Every structure is written in structure tokens, then in C-alpha cells.
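This is what each chain is made of:
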Amino acid sequence: MKKLSLQLNAELEIPDDWELVEHSSGIFVLKVGDRFVDFDITPLVTVSNAPDATWSDEDEEFTEEILDMVTGLDSQMEISYLQ
């Protein structure tokens, strides 16, 4: 068996009224109105090699198979203000 390391970094420009809060579960999430938003990984799959292929996570069984292989996951969120 091999080990794959995957590092994702995303930047979003968000409205000023969205805020970073600690959820009762103990994790920090975005508070958007009455919703709490966290980010996770979801593998997207296609069977096409075409440049305009459609990617999806509709195959729930395969998605779960991939997610079951995740042995560790860490995420951090930070809000900074644009100048």
C-alpha cells in the first residue's frame, strides 16, 4: 500500500457579515446567516478523458470507498481583511 499526501489551499473573498465562530462541536466554522459552514474533501470522479469532462461525487459507494482511506485530515480557517 502507498500513502498519498494531499494539500489543499483555497482563498475565498467573503462578505463582511460572514464570521469565523467556534461551533458547539469544538471546531471553528464560518457562520453564514443561520448556517454553519465547514470545509472537507470530497473526491470528484469522471470516466471521461475529454477536456470538458463532467466531474461529480454522485457514485456514493465509490466516494465512501475513497473517504474510508483518509487516515488524517486537518483544516484551518483564518479571516483577513482586504485593503
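What you see is a predicted model; the values in this text were computed from it and never measured.

Visitor: Looking at this structure, I do not really get the overall build of the chain. What am I missing?
Guide: Counting its regular elements, the chain contains 1 helix and 3 strands. Along the chain, helices (α) and strands (β) appear in the sequence β-β-β-α when read from the amino end. Taking 12 Å as the expected radius of gyration for a compact globule of 83 residues, we find that the chain reaches 16 Å, considerably beyond that expectation. A principal-axis box enclosing the C-alpha atoms of the chain has dimensions of 40 × 30 × 25 Å.

Visitor: What is the right way to look at the environment of Glu58 in this model?
Guide: Summarising the element assignment, Glu58 is placed in the loop between β3 (35-37) and α1 (60-67). For Glu58 and Val45, which are 13 residues apart along the polypeptide, the C-alpha to C-alpha distance reads 8.4 Å.

Visitor: For this particular structure, what's the right way to read the sheet that holds strand β1 (residues 19-22)?
Guide: Strand order in the open sheet formed by 3 strands is β1-β2-β3, and the pairing between neighbours is antiparallel. Edge positions in the open sheet fall to β1 and β3, since each of these has one partner strand only. Ignoring strand direction, the axes of neighbouring strands in this sheet form an average angle of 45°. Summarising the sheet, β1 and strand β2 (residues 28-32) pair through 4 bridges and their orientation is antiparallel. Bridge pairing in β2 links Leu20 to Leu30.

Visitor: For this particular structure, what's the right way to read the packing of aromatic side chains?
Guide: Any pair of aromatic rings gets described here by the distance separating the centres and the angle formed by the planes. Within the structure shown, the criterion is met by 0 aromatic pairs. The ring of Phe36 has Lys31 lying over it, and the distance from NZ or CZ to the ring centre is 5.1 Å.

Visitor: Looking at this structure, I do not really get a nonpolar patch on the surface. What am I missing?
Guide: On the surface, Leu4, Leu6 and Leu8 cluster together to form a nonpolar patch covering roughly 390 Å² of accessible area. Here Leu6 shows up in the segment before β1.

Visitor: Would you explain a negative patch on the surface in this entry?
Guide: On the surface, a cluster of negative charge is contributed by Asp57, Glu58, Asp59, Glu60, Glu61, Glu64, Glu65 and Asp68. Classification of Glu58 as exposed rests on a relative accessible area of 67%.

Visitor: Where do I start with the side chain of Thr63 in this structure?
Guide: Here Thr63 shows up in helix α1. Sequence-distant contacts of Thr63, defined by excluding residues within four places in its chain, comprise Thr42, Pro43 and Asp57.

Definitions and limits used
Residues numbered from 1 in each chain as written. Predicted model: local features only at pLDDT ≥ 70, side-chain atom pairs only at ≥ 80, totals over all residues. Heavy atoms only, no water. Helix = DSSP H or I, 4+ residues; strand = E, 2+ residues; numbered from the N terminus. Rg over C-alpha atoms; globule rule 2.2 N^0.38 Å. Pairing = 2+ DSSP bridges. Axes fitted to C-alpha atoms, helices over the stretch in contact; angles between N-to-C directions. Phe/Tyr/Trp six-rings, centres within 6.5 Å; stacked < 30°, edge-to-face > 60°. Lys NZ or Arg CZ within 6 Å of the ring centre and 35° of its normal. Patch = residues over 30% accessible without salt bridge, like charges linked within 9 Å, V, L, I, M, F, W, Y side chains within 5 Å. Areas by Shrake-Rupley, 256 points an atom, 1.4 Å probe, with all protein chains shown as cover. Salt bridge = Lys/Arg side-chain N within 4 Å of Asp/Glu carboxyl O. Lys, Arg positive; Asp, Glu negative; His and termini not counted. Charge placed at Lys NZ, Arg CZ, Asp CG, Glu CD. Buried < 20%, exposed > 50% of the residue type's maximum accessible area, 1.4 Å probe, protein only. Contact = heavy atoms within 4.5 Å.

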